[in-house]
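This is what each chain is made of:
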Amino acid sequence: MEFSAAVPILRIFSVAKAKEFYLNFLGFTLDWEHRFSEDLPLYAQVSRSGLTLHLSEHHGDSTPGSAVFIPTDDIDALHRELSAKQYRYARPGVEKVDWGKELNITDPFGNRLRFCEQISNS
């Protein structure tokens, strides 16, 4: 038996704010959007550099305030990229932790994205 990478589902409440944050600020690509009809909630997939996230307006799909741990190999480059955008609602920094370096960002809906460059144990 083999498992594939998990795809976190994050609850959103505004499509416009979600696109501003995930696409414009974080640099994700919108892969697809789905609605059962125009007057029903959005379910979408965004991706960047091997990371896939699902964003959902559906009530039962997820809980606001969830956290996603995202391993990365060059957190300083990510920090420089995000800092250069001067996003009005988030100016994350890099924090040294016992297991490496982390850059924590909270999206407009209270979900936490924890990017981490871990220390090699070799």
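Shown above is the structure to which this text applies.
Residues numbered from 1 in each chain as written. Predicted model: local features only at pLDDT ≥ 70, side-chain atom pairs only at ≥ 80, totals over all residues. Heavy atoms only, no water.

Engineer: Can you walk me through the environment of L103 in this structure?
Structural biologist: Relative to the assigned elements, L103 resides in strand β7 (residues 100–106). Judged by its relative accessible area of 0%, L103 is buried. Linking L103 and P92, residues 11 residues apart in sequence, is a C-alpha distance of 6.4 Å. Residues in contact with L103, not counting those within four places in the same chain, are I75, H79, L82, P92, G93, V94, L113, R114 and F115. (Helix = DSSP H or I, 4+ residues; strand = E, 2+ residues; numbered from the N terminus. Buried < 20%, exposed > 50% of the residue type's maximum accessible area, 1.4 Å probe, protein only. Contact = heavy atoms within 4.5 Å.)

Engineer: Whenever I open this one, the sheet that holds strand β3 (residues 43–48) confuses me. Can you help?
Structural biologist: Where strands meet in a sheet, backbone hydrogen bonds hold them as pairs that are either parallel or antiparallel. Here four strands make up an open sheet; going across it, the order is β1-β4-β3-β2 and the pairing mixed. The two strands at the open ends of the sheet, each matched to only one other strand, are β1 (9–11) and β2 (29–34). Neighbour-to-neighbour, the strand axes of this sheet turn through a mean angle of 25°, independent of strand direction. Sheet topology note: the β1/strand β4 (residues 51–56) ladder contains three bridges and is parallel. Opposite I9, over in β4, you have H54 as the bridge partner. (Pairing = 2+ DSSP bridges. Axes fitted to C-alpha atoms, helices over the stretch in contact; angles between N-to-C directions.)

Engineer: Would you take a moment to explain the packing of aromatic side chains for this structure?
Structural biologist: This model, assessed by the stated rule, comprises eight aromatic pairs. Centroid distance F21 to F25: 5.8 Å. Interplanar angle 50°. Geometry classified as tilted. Linking F21 with F25, this pair stays in helix α1 (residues 15–25), spanning four residues, or about one helical turn. Both residues of the pair, F21 and F25, belong to the buried class. Taken together, the ring pairs in this structure connect F21, Y22, F25, F28, Y87 and Y89 into an aromatic cluster. (Phe/Tyr/Trp six-rings, centres within 6.5 Å; stacked < 30°, edge-to-face > 60°.)

Engineer: What should I look at first to understand the pairing of strand β8 (residues 112–118) in this one?
Structural biologist: Regular strands show a simple pattern: their side chains alternate between the two faces of the sheet. Judged from the five bridges that link them, strand β5 (residues 67–71) and β8 form a sheet pairing that is parallel. In the strand pairing of β8, I70 is matched with F115. Across seven bridges, β7 lies against β8 in antiparallel orientation. The residue of β8 that forms the bridge with I105 is L113. As consecutive antiparallel partners, β7 and β8 are separated by five residues, and within that stretch G110 has a phi angle of approximately 90°, a positive value.

Engineer: Before we go on, may I ask you to explain the sheet that holds β8 in this structure?
Structural biologist: Strand order in this open sheet of four strands is β5-β8-β7-β6, and the pairing throughout is mixed. A single partner strand is all that each edge strand has here, and the edge strands are β5 and β6 (94–97). In this sheet, adjacent strand axes meet at a mean angle of 30° when their direction is disregarded. Helix α2 (residues 75–85) rests against β6, β7 and β8 of the sheet, and its axis sits at about 30° to β7.

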